[in-house]
Amino acid sequence: MQATRVLLKQSKQTRVTGLQRQIFSLYKRSLRMALTKPPEHIPAWYQFISHHFRHPSLGGGLRKQDVGAIEYMLRRGEKMLDSYGRQGVKSVIVPVVEGDEDRGRWPQGWVVNRGRQVKERREKEDEGRTENKAQR
């Protein structure tokens, strides 16, 4: 009886592919690397890492079926981690592309707070919209 319960619990969980595991590993290693940098620059590193994992032009908008593109981005991320992880690299700045309004989209603490700040901001905006509708 207990064996069937265990099997049911395992089947309800989403399965993670090997590529996803590699990406999660790269993300964790990037965050650990950021902690090795000087304390005053760590928030900028978190913003930089978040930007590189989420921005659409840097792989943030890829579908699961784009295996070739995902593998390319993974290799590129590994090379970036190796180069930025060196002792001589102290700080970093989030790149700005002309016409790119996404720079301020992810606050510096987004990675550490697991998106709570963004969720709270969206909830406040939704409350404001519902109040405006109620006043009309």
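Residues numbered from 1 in each chain as written. Predicted model: local features only at pLDDT ≥ 70, side-chain atom pairs only at ≥ 80, totals over all residues. Heavy atoms only, no water.

Peer 1: Looking at this structure, I do not really get the overall build of the chain. What am I missing?
Peer 2: Across its full length, the chain carries six helices and zero strands. The N-to-C order of helical and strand elements in the chain reads α-α-α-α-α-α. Looking at the 136 residues of the chain, the share that counts as buried comes to 25%. Within the chain, counting contacts between residues at least 6 apart in sequence, those at least 24 apart form 64% of the total. For the chain, the exposed surface amounts to about 10,600 Å²; the carbon and sulfur share of it is 52%. (Helix = DSSP H or I, 4+ residues; strand = E, 2+ residues; numbered from the N terminus. Buried < 20%, exposed > 50% of the residue type's maximum accessible area, 1.4 Å probe, protein only. Contact = heavy atoms within 4.5 Å. Areas by Shrake-Rupley, 256 points an atom, 1.4 Å probe, with all protein chains shown as cover.)

Peer 1: Which parts of the structure should I look at to understand the confidence of the model for the chain?
Peer 2: Do not read the predicted coordinates in detail wherever pLDDT is low. Considering every residue of the chain, the mean pLDDT works out to 76; 68% of them sit at 70 or more. Taken element by element, the chain is modelled with least confidence in helix H5 (residues 110–113), mean pLDDT 50, and with most confidence in helix H2 (residues 18–35), mean pLDDT 93. (pLDDT = per-residue confidence, 0-100.)

Peer 1: Please clarify how the packing of H2 against helix H4 (residues 67–84) should be interpreted in this entry.
Peer 2: Each pair of packed helices gets described by two things: the angle between the helix axes and the distance between those axes. Taken N-terminus to C-terminus, the directions of H2 and H4 make an angle of 20°; their axes are 11 Å apart at the nearest point. Here H4 runs roughly parallel to H2, going by the angle between their axes. Of the two elements, H2 crosses H4, and the hand of that crossing is left-handed. In this structure, H2 contributes Leu-19, Gln-22, Ile-23, Leu-26, Arg-29, Ser-30 and Met-33 to the contact, and H4 contributes Val-67, Ile-70, Glu-71, Leu-74, Gly-77, Glu-78, Leu-81 and Tyr-84. (Axes fitted to C-alpha atoms, helices over the stretch in contact; angles between N-to-C directions. Parallel < 35°, antiparallel > 145°, perpendicular 65-115°, else oblique. Left-handed = near helix turned anticlockwise from the far one by under 90°.)

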